[in-house]
Amino acid sequence: MVRIALFGATGTIGSRVLREALERGHQVTAVVRDPAKLTERHPGLKVTTGDVLDPASVAAAAEGQDVVVSAVGGGDGPGHVATIEPAAKSLVAGVRSLGAMAPRLIAVGGAGSLRTPAGTKVWDAEGIPEFLLQIMHAHGDALDYYRTVSDVRWTNLSPAGTIEPGERTGAYRTALEDLVVDEQGVSRISAEDYAVALVDEIETPKHVGERFTVGY
Ligand SMILES: NC(=O)c1ccc[n+]([C@@H]2O[C@H](COP(=O)([O-])OP(=O)(O)OC[C@H]3O[C@@H](n4cnc5c(N)ncnc54)[C@H](OP(=O)(O)O)[C@@H]3O)[C@@H](O)[C@H]2O)c1
């Protein structure tokens with residue numbers, strides 16, 4: 001059993017991570033801004049209030065945990081710019097403040113900075129709307145920041161190009177810097193299988209201090 005503090009538990013991806021972790025018998029503390037929004041009930045679930053942008057809040061949530069998971073988002077483009085890299089810095093500062101007792105940190109990332117089969121980055125494609133570019137680069141900036149951190153055991157997990165609620169198959173493939181594409185050249189993963197990959201990484205750490213990605 002792993003003790004997990006989860007930011008973003010009310011979100012599309014975070015709610016799947018929450019369910020996957022609980023179903024595998026882990027103890028999850030959901031750290032939410034508004035507990036009324038969290039409808040999940042489970043004997044392994046505790047709920048506490050907190051703000052990922054406040055390092056003291058992160059430290060309080062992280063104390064006594066084995067892993068802190070962040071699945072936070074910022075809504076639109078400017079919201080992501082205001083949330084994602086600041087959250088990375090706050091998460092690292094909060095976790096780091098626990099010193100030798102600091103838990104691991106696993107954050108949901110973005111696909112924009114991944115390399116495509118053509119050798120370009122996803123975010124270099126033509127015709128990407130400005131708000132999506134802002135979201136992609138917010139995740140890219142956060143990843144650049146994580147890569148400067150060597151005293152916290154961080155992992156950044158980029159979804160496939162498309163991630164949507166769907167089926168839990170339990171099957172997925174991973175890569176480090178390359179977008180995972182299927183035989184048709186499509187990069188996708190269900191939010192449920194993304195959660196499987198993330199909880200697998202919690203149970204069996206393979207990517208401490210690096211980014212990896214998951215797709216079919
Ligand atoms: N292909 C891709 O690369 C791809 C695709 C989809 C998503 N993503 C990324 O995955 C992440 C999660 O996406 P999603 O669709 O699951 O997001 P979402 O449904 O919008 O959920 C966002 C979550 O973040 C929480 N949150 C936001 N600010 C917070 C704060 N200051 N303190 C605590 N919690 C906060 C929200 O809580 P409240 O309930 O309080 O608002 C909510 O639970 C995002 O960063 C998104 O950019 C990447």
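Predicted, not measured: the structure shown is a model, and the values here were computed from it.

Asks: Would you explain the overall build of the protein chain in this entry?
Replies: When helices and strands are tallied, the protein chain shows five helices and 10 strands. Relative to the globule expectation of 17 Å for 216 residues, the C-alpha radius of gyration of the protein chain, 16 Å, shows essentially globular dimensions. If one aligns the C-alpha atoms of the protein chain with their principal axes, the spans along those axes are about 45 × 35 × 30 Å. Residues counted as buried form 51% of the 216 residues belonging to the protein chain. Look at the contacts in the protein chain between residues 6 or more apart in sequence, and 72% of them connect residues 24 or more apart. Counting every atom, the protein chain has about 9900 Å² of accessible surface; 50% of that belongs to carbon and sulfur. Positive and negative side-chain charges in the protein chain, numbering 20 and 28 respectively, have mean positions lying 4 Å apart.

Asks: Whenever I open this one, the nonpolar core confuses me. Can you help?
Replies: Nonpolar side chains tend toward joint burial in soluble globular proteins. Among the nonpolar cores identified, the biggest contains 30 residues, and L18, V28, V69, Y194, L198 and I202 are the most heavily contacted of them. Secondary-structure elements contributing two or more residues to this core are β1 (3–7), α1 (12–23), β2 (27–32), β4 (67–70), β5 (104–108), α5 (191–203) and β10 (210–215). Take this core: its biggest share by element is six residues, from α5. Contact partners of I202, with chain neighbours within four places excluded, come to V2, I4, V67, V69, R104 and I106. Counting 27 residues, the second largest nonpolar core, distinct from the first, contains V58, L98, L143 and W154.

Asks: Explain the UniProt feature "domain: NAD(P)-binding" (unreviewed entry) in the protein chain here, please?
Replies: As recorded in UniProt, the feature "domain: NAD(P)-binding" (unreviewed entry) lies at residues 8–201. Taken as a whole, residues 8–201 contains 35% helix and 18% strand, while its terminal C-alpha atoms sit 18 Å from one another.

Asks: Would you mind showing me how to read the site of the ligand here?
Replies: In the region of the ligand, 25 residues are neighbours, and T10, V72, H80, A111 and H139 sit closest. The contact in question runs from an oxygen atom of the ligand to an N or O atom on the side chain of K37, over 3.0 Å. Contact distances for the ligand include 3.0 Å between a nitrogen atom and a backbone N or O atom of V52. Elements that contribute at least two residues to the shell around the ligand include exactly α1, α3 (77–96) and α4 (130–146). Of the residues contributing to the shell around the ligand, the split by class is 12 nonpolar, 10 polar and three charged.

Asks: Explanation requested: the environment of A107 in the structure shown.
Replies: Of note, A107 is situated in strand β5. As a C-alpha pair, A107 and S158 span 51 residues in sequence and 8.7 Å in three-dimensional space. In this structure, A107 is in contact with S70, Y146, T155, N156 and L157, ignoring residues within four places of it in sequence.

Basis of the calculations
Residues numbered from 1 in each chain as written. Predicted model: local features only at pLDDT ≥ 70, side-chain atom pairs only at ≥ 80, totals over all residues. Heavy atoms only, no water. Helix = DSSP H or I, 4+ residues; strand = E, 2+ residues; numbered from the N terminus. Rg over C-alpha atoms; globule rule 2.2 N^0.38 Å. Buried < 20%, exposed > 50% of the residue type's maximum accessible area, 1.4 Å probe, protein only. Contact = heavy atoms within 4.5 Å. Areas by Shrake-Rupley, 256 points an atom, 1.4 Å probe, with all protein chains shown as cover. Lys, Arg positive; Asp, Glu negative; His and termini not counted. Charge placed at Lys NZ, Arg CZ, Asp CG, Glu CD. Core = buried A, V, L, I, M, F, W, Y, C linked by side-chain atoms within 4.5 Å. UniProt positions renumbered as here; feature names shortened; annotations may be inferred. Near = heavy atom within 4 Å. Polar contact = N/O pair within 3.5 Å; in protein donor to acceptor, adjacent residues only side chain to side chain. Nonpolar A, V, L, I, M, F, W, Y, C, P; charged D, E, K, R; others polar.

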